[in-house]
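Residue-level structure breakdown
Listed here are the chains, written in short residue letters.
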Amino acid sequence: MPHPTFTIVYLAGLVTGCGIRAVYARRRKNARDRRFTITEGVLLGLAGVGLQIVPLVYVCGPWLDFADYGLPVPLAVAAGSVGTILFAAALWLLWRAHVDLGRNWSALVEIQAEHTLVTGGVYRRIRHPMYAAHWLWAIAQALLLQNWIAGGSFIVSFLPLYLLRVPREERAMLDHFGDAYRQYTAHTGRMWPRRRGRE
Ligand code: SAH
């Protein structure tokens, strides 16, 4: 069974993260260029399974307990504490990115009728703060749920979506914002800020 304290931290984080997403998903959008593919739909579904379904199966019953890491207590506590900090950081970044992106946010790769290029806030130094938040979340999940399957499920299921999405999204932004986006990419990193000397 997962450690009760870290399980509660994990569940609180999951509910908060889904809440942030739900608030912004309800806002009406009017896409003028949607670049949706079946592959992307399948990978989105897969990431959802790794983010929610597998961890909840682990938390709700004994079925996945055979895959527990079995860490010594001091190491388990250290891992869970780092996981707690990373989960808090992930949720803060996810929330800030939603605030900064505003109505331009969409779960899909698409350009809205009144889409604007956001280059401020958490987008000032990195182009993909939401995906960075998802990676922090995935690592936090592995540290909080100390089980090979439930802990690692979001890392494994998010990777293919991330690899597919980033180039497609950047292509769409380049098509619509041209030189403005080119200039923006020149002084930002994807997930990590560029060093100032290289701007
Ligand atoms: N990749 C970004 C945004 C994810 S939401 C992140 O990780 O924070 C996906 C949508 O955001 C896409 O449909 C894309 O059109 C839009 N988008 C991505 N970067 C943007 C930016 N800098 N300004 C405005 N919209 C952006």
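Located above this text is the structure these notes cover.
Residues numbered from 1 in each chain as written. Predicted model: local features only at pLDDT ≥ 70, side-chain atom pairs only at ≥ 80, totals over all residues. Heavy atoms only, no water.

1. With respect to the overall build of the chain
For the chain, the count of helices and strands is five helices and two strands. Going residue by residue from the N terminus, the α and β elements of the chain occur as α-β-α-α-β-α-α. For the chain, whose C-alpha radius of gyration is 18 Å, the value lies close to the compact-globule estimate of 16 Å for 199 residues. Each principal axis of the C-alpha atoms in the chain carries an extent, and together these give about 55 × 40 × 25 Å. For the chain, the residues scored as buried account for 45% of the 199 residues in total. When contacts within the chain are restricted to residue pairs at least 6 apart in sequence, long-range pairs at least 24 apart make up 82% of them. (Helix = DSSP H or I, 4+ residues; strand = E, 2+ residues; numbered from the N terminus. Rg over C-alpha atoms; globule rule 2.2 N^0.38 Å. Buried < 20%, exposed > 50% of the residue type's maximum accessible area, 1.4 Å probe, protein only. Contact = heavy atoms within 4.5 Å.)

2. Quick look at the environment of Val54
Relative to the assigned elements, Val54 resides in helix α2 (residues 38-60). Overall, Val54 belongs to the buried group, its relative accessible area being 18%. Apart from residues no more than four positions distant in its own chain, Val54 is found in contact with Val49, Leu64, Ile149, Ala150 and Ser153.

3. Some remarks on the packing of helix α1 (residues 4-25) against helix α3 (residues 73-101)
At a closest axis distance of 10 Å, the pairing of α1 and α3 adopts a crossing angle of 10°. Accordingly, the angle class assigned to the pair α1 and α3 is roughly parallel. Of α3, the residues touching α1 (which contributes Phe6, Val9, Tyr10, Gly13, Leu14, Thr16, Gly17, Ile20, Arg21 and Tyr24) are Ala76, Val77, Gly80, Ser81, Thr84, Phe87, Leu91, Leu94, Trp95, His98 and Val99. Of the residues belonging to the contact of α1 with α3, the class tally is 13 nonpolar, seven polar and one charged. (Axes fitted to C-alpha atoms, helices over the stretch in contact; angles between N-to-C directions. Parallel < 35°, antiparallel > 145°, perpendicular 65-115°, else oblique. Nonpolar A, V, L, I, M, F, W, Y, C, P; charged D, E, K, R; others polar.)

4. Here we look at the site of the ligand
Taken together, 21 residues lie around the ligand, and Leu108, His115, Tyr123, His128 and Glu169 are the ones closest in. One of the side-chain nitrogen or oxygen atoms of His115 is found 2.8 Å away from a nitrogen atom of the ligand. At a separation of 2.5 Å, a nitrogen atom of the ligand approaches a polar side-chain atom of Glu169. When the free accessible area of the ligand is taken as 540 Å², the share hidden by the protein chains comes to 99%. Elements that contribute at least two residues to the shell around the ligand include exactly β2 (110-112), α4 (129-144) and α5 (148-186). Taken together, the residues of the shell around the ligand sort by class into 12 nonpolar, five polar and four charged. (Near = heavy atom within 4 Å. Polar contact = N/O pair within 3.5 Å; in protein donor to acceptor, adjacent residues only side chain to side chain. Areas by Shrake-Rupley, 256 points an atom, 1.4 Å probe, with all protein chains shown as cover.)

5. Considering α3
Taking 1.5 Å as the rise per residue, α3 with 29 residues should run 42 Å; its terminal C-alpha atoms sit 41 Å apart, in good agreement. Phi for Gly102, located one or two positions after α3, is positive at around 55°. (Expected span 1.5 Å × (residues − 1).)

6. Things to note about the packing of aromatic side chains
Think of a pair of aromatic rings as described by two things: how far the centres are apart, and how the planes are tilted against each other in angle. One pass over the full model with this rule turns up 11 aromatic pairs. Seen in terms of ring centroids, Tyr131 and Tyr162 are 6.2 Å apart; in terms of plane orientation they differ by 90°. Their pairing is edge-to-face. Here the residue Tyr131 occupies a position in helix α4, and Tyr162 occupies one in helix α5, the gap between them amounting to 31 residues. When its relative accessible area of 13% is taken as the criterion, Tyr131 is described as buried. Judged by relative accessible area, which is 15%, Tyr162 ranks as buried. An angle of 45° between the planes, with centres 6.1 Å apart, marks the rings of Phe158 and Tyr162 as tilted. Here Phe158 pairs with Tyr162, and both are found in helix α5, just four residues apart, close to one helical turn. Taken together, Tyr10, Phe87, Tyr131, Trp135, Trp137, Phe154, Phe158 and Tyr162 form an aromatic cluster joined through their ring pairs. (Phe/Tyr/Trp six-rings, centres within 6.5 Å; stacked < 30°, edge-to-face > 60°.)

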